[in-house]
Amino acid sequence: NVTLESLAKQAGIESDIRAKSTPFPKDLYNEHSVEVSLKKVTLKQLVDYLYQIEYGANRIMHIDKLRLKPAYGNRAQLDAKFDVITYQLQEGEKS
């Protein structure tokens with residue numbers, strides 16, 4: 001979550017980030033899902049933030065279930081909710 005929060009600050013937005021589920025075990029790794037909620041952000045801020053999550057250096061994360069709606073009171077801004085999926089090697093599987 002610290003990484004997601006620091007990326008949000010770099011994009012100039014405040015976010016509500018919380019882990020929402022237990023790991024989903026796979027063969028060699030676990031998937032972790034984190035829910036992110038953004039209020040009253042511009043399209044540019046949102047695109048910058050999503051880009052940093054997906055393509056930033058040294059991160060293995062992707063966006064899932066992106067939901068957008070116009071912000072209440074200012075239709076030039078957006079409210080967004082999405083899940084960020086992260087991956088972690090299972091213990092004993094590291095080479």
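Predicted model only: the values in this text are computed from it and were never measured.

Asker: Explain a nonpolar patch on the surface to me, and be specific about the residues and the numbers.
Answerer: Where nonpolar side chains cluster on the molecular surface, the patch consists of Leu-28, Tyr-29 and Leu-89 and spans about 260 Å² of accessible area. Inspection of the secondary structure puts Tyr-29 in strand E3 (residues 29–41). Take Tyr-29: its relative accessible area is 31%, and that puts it in the partly exposed class.

Asker: If you had to explain helix H2 (residues 43–55) to someone new, which residues and values would you point to?
Answerer: Between its first and last C-alpha atoms H2 spans 18 Å; for 13 residues at 1.5 Å apiece the expected length is 18 Å, and the two agree. Those residues of H2 that sit buried are Gln-45, Leu-46, Tyr-49, Leu-50 and Ile-53. Axial view of H2: buried residues confined to an arc of 125°, hence all on one face. Looking at H2, the residues exposed on the side facing more than 90 degrees away from the buried face are Leu-43, Lys-44 and Tyr-55.

Rules of the game
Residues numbered from 1 in each chain as written. Predicted model: local features only at pLDDT ≥ 70, side-chain atom pairs only at ≥ 80, totals over all residues. Heavy atoms only, no water. Patch = residues over 30% accessible without salt bridge, like charges linked within 9 Å, V, L, I, M, F, W, Y side chains within 5 Å. Areas by Shrake-Rupley, 256 points an atom, 1.4 Å probe, with all protein chains shown as cover. Salt bridge = Lys/Arg side-chain N within 4 Å of Asp/Glu carboxyl O. Helix = DSSP H or I, 4+ residues; strand = E, 2+ residues; numbered from the N terminus. Buried < 20%, exposed > 50% of the residue type's maximum accessible area, 1.4 Å probe, protein only. Expected span 1.5 Å × (residues − 1). Arc of directions from axis to C-beta.

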